[in-house]
Amino acid sequence: MNTMYENILELCRRDGLNVTQMCRELKIPRSTLSELGAGRTRQLTLKHAAPIAEFFGVSIAQLAGDEPLPADAAPAPGDEAALADEPIAAYENCKRYLTEDDKADIATLIRLRAEINRGRR
């Protein structure tokens with residue numbers, strides 16, 4: 001698998017998306033990413049790389065792996081360490097009453113807030 005595809009997968013994971021969802025939102029053919037992931041193409045054209053980079057708030061150089069991805073991405077769903085830093089989940093007396101669905105809802109809210117902070121919504 002190539003670096004650009006791995007970076008796209010990582011960015012999708014961090015934002016709680018899969019590649020198909022991202023492609024639909026950006027109106028990029030899923031086959032374009034499949035070809036990249038399978039190694040049949042080595043890089044995306046600027047036509048496809050630019051909107052993906054903009055979508056995730058990274059540079060094309062970061063997307064391509066020439067520069068490191070930013071470390072301040074939203075936490076993945078179920079990431080207990082990230083949830084522990086959030087005020088609502090920090091109260092130990094409340095945490096034991098949270099169901100797995102509650103934790104997933106909180107993780108979704110954290111991702112949405114991160115997207116708003118990055119100006120994507």
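Values in this document were obtained by computation on a predicted structure and should not be read as measured data.

Q: Looking at this structure, I do not really get unusual backbone geometry. What am I missing?
A: For residues that are not glycine, phi is negative in most cases, and the peptide bond is trans in most cases. Not every positive phi belongs to a glycine, and Lys27 is a case in point at roughly 60 degrees. Relative to the elements of secondary structure, Lys27 occurs in the loop between α2 (19–26) and α3 (30–38).

Q: Hey, could you run me through the packing of helix α1 (residues 3–14) against α3 in this one?
A: Helix-helix packing is characterised by the crossing angle of the two axes and by the distance between the axes. Viewed as axis vectors pointing N to C, α1 and α3 meet at an angle of 125 degrees, and their least axial separation amounts to 8 Å. As the angle between them shows, α1 and α3 are arranged oblique. The two elements α1 and α3 meet at a crossing, and its hand is left-handed. Packed against α1, whose contacting residues are Met4, Tyr5 and Ile8, the element α3 presents Arg30, Leu33, Leu36 and Gly37 at the interface. Residues that form the contact of α1 with α3 fall into these classes: 5 nonpolar, 1 polar and 1 charged.

Q: Could you clarify how one ought to interpret the nonpolar core in this entry?
A: The nonpolar side chains of a soluble globular protein tend to be buried with one another. In terms of nonpolar packing, the biggest core is built from 21 residues, with Ile8, Met22, Leu33, Ile52, Phe56 and Leu63 touching the most fellow members. The set of elements that each furnish at least two residues to this core consists of α1, α2, α3, α4 (46–56) and α5 (60–64).

Q: Can you walk me through the state of the cysteines in this structure?
A: Every disulfide links exactly two cysteines, by a covalent bond between their sulfur atoms. Throughout the structure, instances matching the rule amount to 0 disulfides. There is no disulfide at Cys12, and the cysteine sulfur nearest it, in Cys23, is 7.7 Å away. You can call Cys12 buried: its relative accessible area is 1%.

Reading the values: the criteria
- Residues numbered from 1 in each chain as written.
- Predicted model: local features only at pLDDT ≥ 70, side-chain atom pairs only at ≥ 80, totals over all residues.
- Heavy atoms only, no water.
- Helix = DSSP H or I, 4+ residues; strand = E, 2+ residues; numbered from the N terminus.
- Axes fitted to C-alpha atoms, helices over the stretch in contact; angles between N-to-C directions.
- Parallel < 35°, antiparallel > 145°, perpendicular 65-115°, else oblique.
- Left-handed = near helix turned anticlockwise from the far one by under 90°.
- Contact = heavy atoms within 4.5 Å.
- Nonpolar A, V, L, I, M, F, W, Y, C, P; charged D, E, K, R; others polar.
- Core = buried A, V, L, I, M, F, W, Y, C linked by side-chain atoms within 4.5 Å.
- Buried < 20%, exposed > 50% of the residue type's maximum accessible area, 1.4 Å probe, protein only.
- Disulfide = S-S within 2.5 Å.

Note that all results are geometric; they support no functional claim without further evidence.
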